[in-house]
Amino acid sequence: MLWIKNVNLVDPTQGLSGVRDVVVRDGIISAIQERLQEQDVLAVLGTARIEEVQQIDGSGKYLFSGLIDVHVHLREPGQEDKEDIRSGSRAAVRGGFTSILAMANTSPVIDQRALVEFVRIQGQRAGMARVYPIAAVTKGFKGLELVEMMDMRDGGAVGFSDDGKGIQNAEMMRLALEYAKLTGCPIISHCEDNDLAGNGVMRRGEESARLGLRGIPASAESVMVARDVLLAGETGGKIHIAHVSTKESVQIIRAAKNIGIDVTAEVNPHHLLLTDKDVTLTGTSFKVNPPLPSMEDQEALLQGLADGTIDMLATDHAPHTWEEKAKPFAEAPFGINALETALAAVWQGLVVKGLLSPEQVVKLWSLNPARRFGLAGGTIQVGSAADMVLFDPLYKEMITAESLESKAQNTPFLGKEMQGFPVMTWVNGELLMENRKILDRK
Ligand code: DOR
Ligand code: ZN
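Let me sum up the structure you'll find in this document.

Each value, and the rule that gives it
- Residues numbered from 1 in each chain as written.
- Chains lettered and ligands numbered in written order.
- Predicted model: local features only at pLDDT ≥ 70, side-chain atom pairs only at ≥ 80, totals over all residues.
- Heavy atoms only, no water.
- Axes fitted to C-alpha atoms, helices over the stretch in contact; angles between N-to-C directions.
- Helix = DSSP H or I, 4+ residues; strand = E, 2+ residues; numbered from the N terminus.
- Parallel < 35°, antiparallel > 145°, perpendicular 65-115°, else oblique.
- Left-handed = near helix turned anticlockwise from the far one by under 90°.
- Contact = heavy atoms within 4.5 Å.
- Nonpolar A, V, L, I, M, F, W, Y, C, P; charged D, E, K, R; others polar.
- 1 Å grid on protein atoms, 1.4 Å probe; cavity = no way out; pocket = protein on both sides within 12 Å on 5 of 7 lines; lining within 4 Å.
- Points joined across faces, edges and corners; volume = space filled by probe spheres on them.
- Pairing = 2+ DSSP bridges.

Time to look at the packing of helix α8 (residues 219-235) against helix α9 (residues 247-258). For the pair α8 and α9, the least separation of the axes is 8 Å and the interaxial angle reads 10°. Accordingly, the angle class assigned to the pair α8 and α9 is roughly parallel. When the axes of α8 and α9 are compared, the crossing they make is right-handed. Residues Glu-221, Ser-222, Val-225, Ala-226 and Val-229 of α8 lie in contact with α9, whose contacting residues are Glu-248, Ser-249, Ile-252, Ile-253 and Ala-256. Of the residues assigned to the contact of α8 with α9, the class counts are six nonpolar, two polar and two charged.

Gaps left between atoms are located by rolling a probe of water-molecule size over the structure's atoms. This structure, assessed with the given rule, holds four cavities of 30 Å³ or more. Each pocket or cavity is described by its volume, and for the largest cavity that value is around 110 Å³. Lining of the largest cavity is provided by 14 residues; of these, Pro-269, His-270, Ala-338, Ala-345 and Phe-413 occupy positions nearest its centre. Mapped onto the lining of the largest cavity, the elements with two or more residues apiece are α10 (269-273) and α13 (342-351).

Going from Glu-76 to Pro-77, the amide bond is cis rather than trans, its omega being 10°. Counting through the fold element by element, Pro-77 comes out in the loop between β6 (67-72) and α2 (85-94). The residue after Asn-289, namely Pro-290, is reached through a cis peptide bond having omega -5°. The residue Pro-290 is located in the loop between α10 and α11 (295-306) in this model.

Right, let's talk about the sheet that holds strand β12 (residues 239-241) for a bit. Across the sheet, four strands lie side by side as β9-β12-β13-β14; this open sheet has parallel pairing. Pairing within the sheet leaves two strands with one partner each, and these edge strands are β9 (187-189) and β14 (312-313). In terms of strand pairing, strand β13 (residues 263-267) meets β14 through two bridges, oriented parallel. Looking at the pairing, Glu-266 lines up with Met-312 of β14.

Here we have three strands laid out as an open sheet, ordered β6-β7-β8, and parallel in their pairing. Looking at the sheet topology across the chains shown, the edges are occupied by β6 and β8 (130-133). Strand-to-strand twist of the sheet, defined as the mean angle between neighbouring strand axes without regard to direction, takes the value 20°. Sheet topology note: the β6/strand β7 (residues 97-102) ladder contains four bridges and is parallel. Each residue of the ladder has a partner; that of Ile-68, found in β7, is Ser-99. Of the strands in this sheet, β7 and β8 are in contact with helix α3 (residues 113-126), which crosses β8 at around 175°. Most of the contacts of helix α14 (residues 358-373) go to β6, to which it runs at about 60°, and overall it touches β6 and β7.

Time to look at the packing of α2 against α3. Interhelical geometry of α2 versus α3 gives an angle of 60° and a closest axis separation of 9 Å. Classified by the angle their axes make, α2 and α3 are oblique. Crossing angle aside, the handedness with which α2 passes α3 is right-handed. Residues Ile-85, Arg-86 and Ser-89 of α2 touch α3, and the partners they reach there are Val-119, Gln-122, Gly-123 and Ala-126. For the contact of α2 with α3, the per-class residue count stands at three nonpolar, three polar and one charged.

Here it is as structure tokens:
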């Protein structure tokens, strides 16, 4: 039993943003009111003993519905040297995420029902964030043959994606959208045309020329965004565009929404906060796919967030080992480790600067993801499951290898102090993180 007092409760579903007390019983939100008295709390909880109630002073802090990250790479099965479901879901809880969607580019890829069930059960076993599997679209990520979508959905998949690779064949994507309709799940598209992307390692432009690195043109993404929204329009399937990073992609998605196509889109914090100007030859933690955008693209992404063209934030948490990231820039793998730093980065880089409100953060990182993928959470209302995060905008922390729950350290923030962190995370009313430490269960 839990009583959080005087906390700044942000819940866009109720248009609520103000100081409230919140009471939780048996994992369910039981009361939300201004300044509750002890006898009222005891009445709500049906107990006479205040000692049974954990009391938390929320003054100066925010209470958000648990963040939901629709784009996470957990690397299990097969690449457990980078991350596993346990370490990744612990990192999630430490970052304020109560639900995560696990991408299918593992080894083997998640293209059979037994593998979907494996990811789901490993997630339950870890007992941290809720882990929802994303199944592959094509067998073996080969782009040639669709997986058994219904079977995968029945095994627990909440979406389909060959993320890590673009689906090159347009007819394959059209078929995937057609079949996915029957499952009710969206296709998450990693939009990348392999021929245009070539062997590029960063965004093509002045900066790539200066560094002498092979560039990936913005069109490698945008042409596929255009193709996929058109196919979604034609089939009536649901498309979700992963990691939007170019101005043209934003323009296309905006136009598609205007004509009623069922498209949603996500943007990653690193694309909002870093640009191709941050890339250096030794800075492989800045190597990510899609690559860091130009300033002009970044402005378009922020505009897209502001006007609702982009529906959600997602980390694209992509852990890699130190050895892999120690390679020369051109050879190192793409990816940024993000679960434990993303909220602090967004808070400091966007909210404090007035570019995003706390209400928008909750909408973009909790409510909208829950709605699009049909998940529990996304709200703090009486009767809803207590997936919540207590956020302290003043909490400062140095990001170090030791402090991270993730196995990997490939973050541009390593060795830096950040401010604004979750200090408590509950899943289903159970406190799983307190003062930046995971509470190990017996
Ligand atoms: O940077 C990335 N890393 N982008 C992707 O699309 C895949 C991901 C990974 O799996 O490492
Ligand atoms: Zn991707």
